[in-house]
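Residue-level listing of the chains:
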Amino acid sequence: MRDPELEVRPFAGAGDPGRLLPRRTRQNDAFFAALAEGRLRLQRCDACGHARYPVAPACPRCGVSGARWDDVTGAGSVHSWIRYRKSYLPEFEPLMPYVVVCVQLDDGPRMFGRLADADGDPRIGDRVRMVVERLPSGGHTIAFIAGKGGRDGG
Amino acid sequence: MRAPMTQGDYEASRFVVEPLRLLDCSVPVDTAVAIVLTRDDRARDLRRRPVYLLAFQGIHAGPGEFIFGRPGLGINQVDGDDWEPLGREEPVFRRAGVAPEDVGTLHCYDGFTPQVLWTLERFGFCRPGEAADWVQGGRIGLGGELPVNTSGGHLSEGHANGWGHTLEIVRQLRGEAGERQVDGLRVAQWATTLGDSIIYANARP
């Protein structure tokens, strides 16, 4: 078994973008609580095994509501990417220009995050892994950094 | 915007969110458009020639598809399945009794340039992934096989959430589009990447 722990770092931008985080609810609490511990925890459908994100009350594949929380690795491949050249949020201003990747996780869903160590243009298929960024106000968000190897590497 | 845009103008415009440049983005405007919608029997003796609405469909939603969330059409997050557009199987064509090749001019939601390509693929004017090649050589210009957004659309005329397109469709089907007129036009379509669409004609169905 791999250790699913993710590196937890301070937020790389300026100030605190905590106001942008989703409101904590009974439904998404397990996700954010896990993130605070450096773990990526996704809902896995009791009926069909589909791992889903964002947090949802029922499986988008089969409609069954029962699900268990599963720790997954946060490793994946770049599915697509863009680069912000215009600042929309003051907290991200010092990071300009920054790359946001859409990552196909090895464990199912796709997730977005800033590519924290982007050096030039990413390439579709590049291996990346998730890191957690801790906001000054205590919330957590995710970012990605370059990873190595295939499903069991990096 | 009225001045012709060159490839050089485009490449000189700054990136906003790469790969989209300023000239990939629509032009914000304040505007107003009014449309009078009534029954066929009432429209018949009006002074202005009516345009007929053959069929429409709304934004598609479901377990695997929600607004801005469809693989190939935007954010790509909901699932990792390969998704192919319905193309000519979109219900609006069946309801209107027409096929994509019957559409004489397409007017599509173009907040950003890629949405034009996605709409062409979604509604079956070309195969998935082929729109960028398909539009080459004036195919979607005036006099081409499928004139698209003849009034300039959001990208050039101004972003009025489709109302400018609707006004242009009415002008086109009435034969009142002047130098932008599509010759011999019978059927016009409004469509977006999210699946909503309206098909209009210049004569009663």
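Residues numbered from 1 in each chain as written. Chains lettered and ligands numbered in written order. Predicted model: local features only at pLDDT ≥ 70, side-chain atom pairs only at ≥ 80, totals over all residues.

**What about the overall build of chain B?**
Just so we agree on the cut-off: Put simply, DSSP marks the helices as runs of H or I at least four residues long and the strands as runs of E at least two long, and each gets a number from the N terminus on. To sort residues by burial, count the other C-beta atoms lying within 10 Å of each one's C-beta; a count of 20 or more means buried, 12 or fewer means exposed, and anything in between means partly exposed. C-beta atoms are built from the backbone. By the convention adopted here, residues make contact when the C-beta atoms placed from their backbones lie within 7 Å.
Helix and strand content of chain B: seven helices and six strands. Taken over 205 residues, chain B has a buried fraction of 32%. Expressed as a percentage of contacts within chain B between residues at least 6 apart in sequence, the contacts between residues at least 24 apart total 64%.

**Some details on the overall build of chain A**
When you go through chain A residue by residue, the secondary structure sums to one helix and nine strands. Reading chain A from its N end, one meets helices and strands in the order β-α-β-β-β-β-β-β-β-β. Considering only C-alpha atoms, chain A reaches an extent of 45 × 35 × 25 Å along its principal axes. Counting only residues that meet the buried cut, chain A has 26% of its 154 residues in that class. Considering only intrachain contacts with a sequence separation of at least 6, the fraction spanning at least 24 residues in chain A is 57%.

**Section: the pairing of strand E6 (residues 98-105) of chain A**
All names here are of chain A. Rules: Here the rule is simple: two strands pair whenever DSSP picks up at least two bridges between them.
Strand direction decides the pairing type here: strand E5 (residues 75-84) and E6, joined by eight bridges, are antiparallel. Across the sheet, the residue bridging to Gly76 is Leu105, located in E6. Of the strand pairs in this sheet, E6 and strand E7 (residues 110-115) are connected by five bridges, and their pairing is antiparallel. Across the sheet, Gln104 pairs through a bridge with Arg110, a residue of E7. Hairpin geometry of E6 and E7 is characterised by an intervening segment of four residues between the two adjacent antiparallel strands and by a positive phi of about 130 degrees at Gly108.

**Regarding helix H7 (residues 163-174) of chain B**
Residues and elements named next belong to chain B. Selection criterion: A helix's residues, less one, multiplied by 1.5 Å, set its expected span.
Look at H7: 17 Å from first C-alpha to last across twelve residues, which is about the 16 Å you get at 1.5 Å a residue. In the core, the buried residues of H7 are packed alongside strand E4 (105-108), helix H6 (153-156), strand E5 (187-191) and strand E6 (197-201). Just downstream of H7 lies Gly175, where phi reads positive at about 75 degrees.

**So, the pairing of E5(A)**
When E5(A) meets strand E8 (residues 127-134) of chain A, the two strands line up antiparallel, connected through three bridges. Note on E8(A): the bridge partner recorded for A:Ala75 is A:Arg129. Here E5(A) pairs with strand E1 (residues 15-18) of chain B via two bridges, running antiparallel. Counted as the bridge partner of A:Arg83 is B:Glu18 from E1(B).

**Overview of the environment of A:Arg110**
Looking at the element boundaries, A:Arg110 is found in strand E7. C-alpha of A:Arg110 to C-alpha of A:Val78: the two residues are 32 residues apart in sequence and 9.4 Å apart in space.

**Re the confidence of the model for chain B**
Predicted coordinates in regions of low pLDDT should not be interpreted in detail. All names here are of chain B. In plain terms, the rule: As a per-residue quantity, pLDDT reports the predictor's confidence and falls between 0 and 100.
Confidence in the prediction for chain B averages 90 pLDDT; 89% of positions are at 70 or higher. Every residue in residues 69-74 is under pLDDT 50, and counting partners more than four places away or in other chains gives 16 contacts. Model confidence for the complex: the whole-complex pTM is 0.81, and ipTM, which rates the interface, is 0.71.

**So, the nonpolar core**
Spelled out, the test is: Joining buried Ala, Val, Leu, Ile, Met, Phe, Trp, Tyr and Cys residues through C-beta atoms within 7 Å gives a set, and that set is a nonpolar core.
Residues B:Leu106, B:Ile199 and B:Tyr200 are the most contacted members of the largest nonpolar core, which totals 30 residues. Those elements that provide at least two residues to this core are helix H3 (91-96), E4, helix H4 (114-122), H7, E5 and E6 of chain B.

**Points about the sheet that holds strand E3 (residues 51-52) of chain A**
Residue and element names in this part refer to chain A. The antiparallel open sheet is built from three strands, whose spatial order is E3-E2-E4. Only two strands of the sheet have a single partner each, and these edge strands are E3 and strand E4 (67-72). Relative to E3, strand E2 (residues 40-45) runs antiparallel, the two being bridged by two bridges. Directly across from Arg44, in E3, lies its bridge partner Ala51.

**Observations concerning the confidence of the model for chain A**
Averaged over every residue, the pLDDT of chain A is 90; the share at 70 or more is 94%. Taken element by element, chain A is modelled with least confidence in E3(A), mean pLDDT 90, and with most confidence in E8(A), mean pLDDT 97.

**Looking at the sheet that holds strand E3 (residues 52-57) of chain B**
Residues and elements named next belong to chain B. Note the threshold: Lines are fitted to the C-alpha atoms to define the axes, a helix being fitted only along its stretch in contact, and any angle between axes, read from their N-to-C directions, falls within 0 to 180 degrees.
The strand order across the open sheet formed by four strands is E3-E6-E5-E4, and the pairing between neighbours is mixed. Every other strand in the sheet has two partners, leaving E3 and E4 as the edge strands with one partner each. Neighbour-to-neighbour, the strand axes of the sheet open up by a mean angle of 15 degrees, direction not taken into account. Judged from the five bridges that link them, E5 and E6 form a sheet pairing that is antiparallel.

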